[in-house]
Amino acid sequence: MSNVVDRAMENIDTRLSSQSGEEEDHPEVPAHHSERTEDQATAEAGSVSSSLSLLDVGGSTTCGTPILSSSSSSSSSVLSLSPPLPPHVELSAVLTDTRLTLDLYHGGAAALPVLWRCDPGLLRGLQYLRLGSEDQPGLDQALKVLPNLTQLHSLAIRGHCLCDPQGFSLPGLLTSLPPSLSSLSLLSHLDLSFNQLTCLPSCLLSLPLLSSLLLCHNQLCSLPADLCLLASLTYLSLLGNQLLSLPQSMGGLKALQTLDVSHNLLQNLPEEIGALGELVKLELSHNKLRQLPETMGSLLSLQELVIHSNDLRLIPQCLDKLPLLKLDVRNNPLGRPPTPPPLPPAPVQAERKIPELHLGFNQHGFCVSSAGCQVFLPGGAELLFPPGCLATTTKLKWTERKLDRKWVWLEEHDILLSHPLELRPHGVTFLKPVEVCVPYHRRRGGEVVVRRFDGESWSTLPTVLRRGSQSHSSHPGGTPARLACCSVDQFSWFVAVSRPVRDSCSVTPEGALLVSSSDPGIKLHFPPDSTAQPRIITLQVLQVSVSEVQIHSGDPLASASPLLCLSQTPSMNFLQPVKVQIPLPSGVTGHTVDLSCLHLLHGEPGAQTWTDITSQVSLYVTHLYAIFYITHFSWYWLWYTTQRCVSGAVRRVYQRLKQFRVQFLVLQRKTDPTQVLLQCLPTNKVESRVQSLSERYDGPQPSDLCDLLEGEQFFAGFERGLDINADRPDCVAGRLSFVFYSSLKNLKEVYLCPAQGRGAAVRGQVSFYRGEVPNDLPEEVAQKRKGHDNQWLATLPIKLPALDSDGLSVSDELSYPPLNLGDPENGYLTEANLLSISLQIGHDWRAIGINLGLSYQDLERIQYKHRDNLGALVLDMLFQWARGQAGAGAGAVPQLVQAMVESGRRDVAEEIEDIVNLGKRKYSESLRRVGLEAESAPAPR
């Protein structure tokens, strides 16, 4: 459908330009080339001034509502329109004496009746009008005004002009037109695309000069028999409807030059189509056509016939006689014999139902025979073993592992949605593919895919999303789990990940066109000879909130386009410039844009840098889009801002956009105090979540706020996902501790106390400080209190994790030793600290590795293993060195600091020293809290 939207938008621009007689913005022409002559501009200005003089520009009312206001300078009054348009929008930006553009803002159509009530004379001379159809009340009122605008030459009432807060296009709501619209006798161009029309409005058949009609992406099932009344029609687009056939009267459109009926349900064409003697282009792709009429041999003016993606097995010979014709016949079964009739149904045989096996939390081993089996795992996961996938009965195992970023590596903007599901043994090869379905949590946009870890590297598998079986829900009495399913021939580790939607295509020397499925306004045009060998192109689009851009950049006028993430395989520059089209930042149009404030930023994801390349590219601006040409693929972002230092603001905003704020939620089940629900939730979800669970659960208030990077939920974001530590010096008398770190240096401590009288089923209690605080409570402890009651310390029990048949805990770690460098007294670095450091090393990794003592052979092996992933490469290098420092004591951390200084990364060295000093201070404070150190002993600095 992306090609469909692309073609429709190009057709709209082309027809509007040719019908209006004015030079519209064109993707290949800069905006300033389309300005009118000085005499025309002067004449229009005089007309506008004359019309606006009828209104009181001093702020009084002409119809009960203030409409226009003026600046303090009488010599250069700047007129602006109050609601429904935004206050900062100048009236001159949307209205001239002949043109009114109201499809750029939410509720813009409602401005038409407001202007008409205040001064009809202001609008009577309009010749070009654009309305959005996403606002039903405003649209209904605007339709009542339209019959009075009898000078209109061009009218557009389109949906999909604006987007909702999530970035999805708003649908058009137009379902019909009033009969009185037949009074628009001068109308020559009409665009009603992206609406909900089910039939052609009868009033259109009374428009004698209508030459261009666009009805793309509606719900038309048929056309009227008197369609031939549109005798002046030269362009007709019915793309993306539900047409089953075309009427015989279609042959009466003698002036028709372009007909587009692609993406419909046509099975045949009428013989009368051969009477369209002026037809130059005929679009029939993506239908169900099985043959073409012989009368098409009479279309002597036909130059382009697009019939790909149909069911044509034969091209009529009459088309060979058309001298100018170019054919596009891809994706048709040409030359194949007719499809044979279906075979008679085979005798009904009793289907062998695949047995089902429902496992409990303590059942981690199961057997599968050659008959196959469908296995339902606790938590919602499902495994489908088809009959014949195994030759003999085999014992298999499953385990849900804890999350460990040392081996669960996420790409930029990836979000982990599940625990790793390990299926064993890893070496078993199945005779038939086995379906593995991983349950995943609700995603924040993007697409869900299954990633597989084979022990060395991660790969993305083709994924199908579905709901789980009705007989097996993730919670008793609840709805079935969301499942991400893939087919595999071997067992290993599997996780579900959300990533930005990826659009890919293969670019050959003949060229190609790639259109984003998430934003059809984003297109990549690859010209012929842009590559000497085929290469795979991947496009990802990240939608950006304007409010966040303004807040984090400090510029109230700032706005940004979607962020483009471009990649290719193999990675090399293109031989010819690639044309990129991207929507202008929200609130900016080609008529209102200040080109000095428009900046094109180029990003390098590995180095986390942004460079302003506006002066290095040819940047063209149309009414809605910006066009530029590139030969190198990376990240591109279009900004509109008044700031001078653009790169710094972009880097700051980009880092903030990857973060979101969370709170820890711990609730105790009222009916069974030994059961506790632990969750990590976005801040805007906490209140509603607590309310929904208040009938079944009770407990302390949520914790204080923490900032997370996208994808870091696996530090604390899932039930049964806590790391419990008893090795800290303040963990005495059975007290345990959970410490949460993230790459943003967040630190959240949750203490676990032995549960009294709970028996062996309870491991500990989660403690939160809250309520009134005793006077002698240390200040750092008082700051952690939560809640409004008088209890200053609340505790909740936690159950022991379940054990599998081998006596192993369900949440047992993979066999990776802890990588805490140094010692508490002299300062140490945790694994989370190493992760944070790895994100800042970037392309300096090789020099740092050499200064850390790694051999050239080790560095070459690491580079080859992660040649396409700089982040994984840096992480592997750092952790390989850290594993070799186990037992090195206090000398490991100074060695790392010295290596950073020798590699020219003093900034990272200073950060490591800050982390070490903070750890020393916390260690000393912990000793004082439990009485192992004198109160007067000073904390290390």
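## A look at the sheet that holds strand S23 (residues 464-467)
Spatial ordering of the open sheet is given by S13-S15-S16-S20-S24-S23, a layout of six strands whose pairing is mixed. Each edge of the open sheet is held by one strand with a lone partner, namely strand S13 (356-358) and S23. The sheet shows a mean angle of 25° between the axes of neighbouring strands, taken without regard to direction. When strand S20 (residues 429-439) meets strand S24 (residues 482-490), the two strands line up antiparallel, connected through seven bridges. From the neighbouring strand, Val436 faces S24, where its bridge partner is Cys486.

## A word on the state of the cysteines
Taken as a whole and assessed by the stated rule, the structure comprises one disulfide. The disulfide partner of Cys437 is Cys485, and the gap between their sulfur atoms is 2.3 Å. Between Cys437 and Cys485 the sulfur-sulfur dihedral comes to about 110°; the bridge is accordingly right-handed. On the criterion of sequence distance, the pair formed by Cys437 in strand S20 and Cys485 in strand S24 is long-range, its members being 48 residues apart. Each member of the pair Cys437 and Cys485 is classed as buried.

## Looking at the packing of helix H11 (residues 856-865) against helix H12 (residues 870-883)
For any two helices packed against each other, one specifies the crossing angle of their axes together with the interaxial distance. Look at H11 against H12: their axes get within 9 Å of each other, and the N-to-C directions meet at 145°. Relative to H12, H11 is oriented so that their crossing is right-handed. Only Leu873, Asp876, Met877 and Gln880 of H12 make contact with H11, whose side of the interface consists of Asp858, Leu859, Arg861, Ile862, Gln863 and Lys865. Considering only residue class, the contact of H11 with H12 consists of four nonpolar, two polar and four charged.

## Section: the pairing of strand S15 (residues 373-376)
Of the two faces of S15, the one holding Cys373 and Val375 and the one holding Gln374 and Phe376 are both buried throughout. Relative to S15, S13 is paired through three bridges, and the arrangement is parallel. Bridged to Leu357 within S15 is Val375. The pairing of S15 with strand S16 (residues 382-385) spans four bridges and is antiparallel. Residue pairing for S16: Val375 is matched across the bridge by Leu383. Between the end of S15 and the start of S16, which pair antiparallel, lie five residues, with Gly379 showing a positive phi angle near 95°.

## Let's talk about the nonpolar core
Counting 75 residues, the largest nonpolar core has Leu100, Leu112, Leu146, Ile157 and Leu213 as the members making the most contacts within it. Of all the secondary structure elements, the ones that give two or more residues to this core are strand S3 (99-102), helix H3 (111-118), strand S4 (128-132), helix H4 (136-145) and strand S5 (154-158). Other than its neighbours up to four places away in sequence, Leu112 contacts Leu100, Leu102, Leu123, Leu129, Leu131, Ala142, Val145, Leu146 and Leu149.

## Overview of the packing of H3 against H4
In the contact formed by H3 and H4, the axes pass within 7 Å of each other and the chain directions differ by 45°. Relative to H4, the element H3 lies oblique. Between H3 and H4, the contacting residues are Leu112, Pro113 and Trp116 on the first element and Gln141, Ala142 and Val145 on the second. Its residues assigned to classes, the contact of H3 with H4 shows five nonpolar, one polar and no charged.

## Details of the confidence of the model for the protein
Summing up the model confidence of the protein, the mean pLDDT is 75 and the portion of residues at 70 or higher is 70%. In the predicted structure, residues 932-941 sits below a pLDDT of 50 and forms 17 contacts with residues beyond four places in sequence or in another chain.

## Looking at the sheet that holds strand S6 (residues 189-191)
Taken in spatial order, the 10 strands of this open sheet run S3-S4-S5-S6-S7-S8-S9-S10-S11-S12, and their pairing is parallel. Across the chains shown, the open sheet's two edge strands, defined by having one partner strand only, are S3 and strand S12 (326-328). The average angle at which neighbouring strand axes cross in this sheet is 5°, direction not considered. One ladder, built from three bridges, connects strand S7 (residues 212-214) with strand S8 (residues 235-237); its direction is parallel. When the bridges of S8 are listed, Ser212 appears paired with Tyr235.

## Quick word on unusual backbone geometry
The phi angle of most residues is negative, glycine excepted, and most peptide bonds adopt the trans form. A cis geometry characterises the amide bond from Arg424 onward to Pro425, with omega recorded as -5°. Note on placement: Pro425 falls in the loop between strand S19 (421-424) and S20. Phi at Ser309 takes a positive value of approximately 60°, unusual for a residue other than glycine.

## A look at the pattern of salt bridges
For the coordinates displayed, the defined rule picks out 12 salt bridges. A salt bridge links Glu382 to Arg466, with the shortest nitrogen-to-oxygen separation between them at 3.3 Å. Highlighted residues: Glu382 in strand S16 and Arg466 in strand S23, separated in sequence by 84 residues. Relative accessible area serves as the criterion here: at 2%, Glu382 is assigned to the buried category. A salt bridge links Arg499 to Glu447, with the nearest nitrogen and oxygen atoms 3.0 Å apart. On the criterion of sequence distance, the pair formed by Arg499 in strand S25 (residues 493-499) and Glu447 in strand S21 (residues 447-453) is long-range, its members being 52 residues apart. It is possible to trace a salt-bridge network through shared partners that takes in Arg290, Asp311 and Arg313.

## A few points about the packing of aromatic side chains
Scanning the model with the defined rule gives 16 aromatic pairs in all. A ring pair is formed by Phe385 and Phe491, whose centres lie 6.1 Å apart and whose planes are at 70°; its orientation type is edge-to-face. Taken together, the residues span a long stretch of sequence, with Phe385 in strand S16 and Phe491 in the loop between S24 and S25 at a distance of 106 residues. For the pair Phe385 and Phe491, a shared accessibility class is recorded, and that class is buried. Here the aromatic cluster, defined as three or more aromatic residues joined through ring pairs, consists of Trp610, Trp635, Trp637, Trp639 and Tyr654. Above the face of the Tyr128 ring, Arg99 is positioned so that its terminal group lies 4.7 Å from the ring centre. One residue, Arg535, lies across the ring of Phe574, its end atom 4.2 Å from the ring centre.

Calculation notes
Residues numbered from 1 in each chain as written. Predicted model: local features only at pLDDT ≥ 70, side-chain atom pairs only at ≥ 80, totals over all residues. Heavy atoms only, no water. Pairing = 2+ DSSP bridges. Helix = DSSP H or I, 4+ residues; strand = E, 2+ residues; numbered from the N terminus. Axes fitted to C-alpha atoms, helices over the stretch in contact; angles between N-to-C directions. Disulfide = S-S within 2.5 Å. Buried < 20%, exposed > 50% of the residue type's maximum accessible area, 1.4 Å probe, protein only. Left-handed = near helix turned anticlockwise from the far one by under 90°. Contact = heavy atoms within 4.5 Å. Nonpolar A, V, L, I, M, F, W, Y, C, P; charged D, E, K, R; others polar. Core = buried A, V, L, I, M, F, W, Y, C linked by side-chain atoms within 4.5 Å. Parallel < 35°, antiparallel > 145°, perpendicular 65-115°, else oblique. pLDDT = per-residue confidence, 0-100. Salt bridge = Lys/Arg side-chain N within 4 Å of Asp/Glu carboxyl O. Phe/Tyr/Trp six-rings, centres within 6.5 Å; stacked < 30°, edge-to-face > 60°. Lys NZ or Arg CZ within 6 Å of the ring centre and 35° of its normal.

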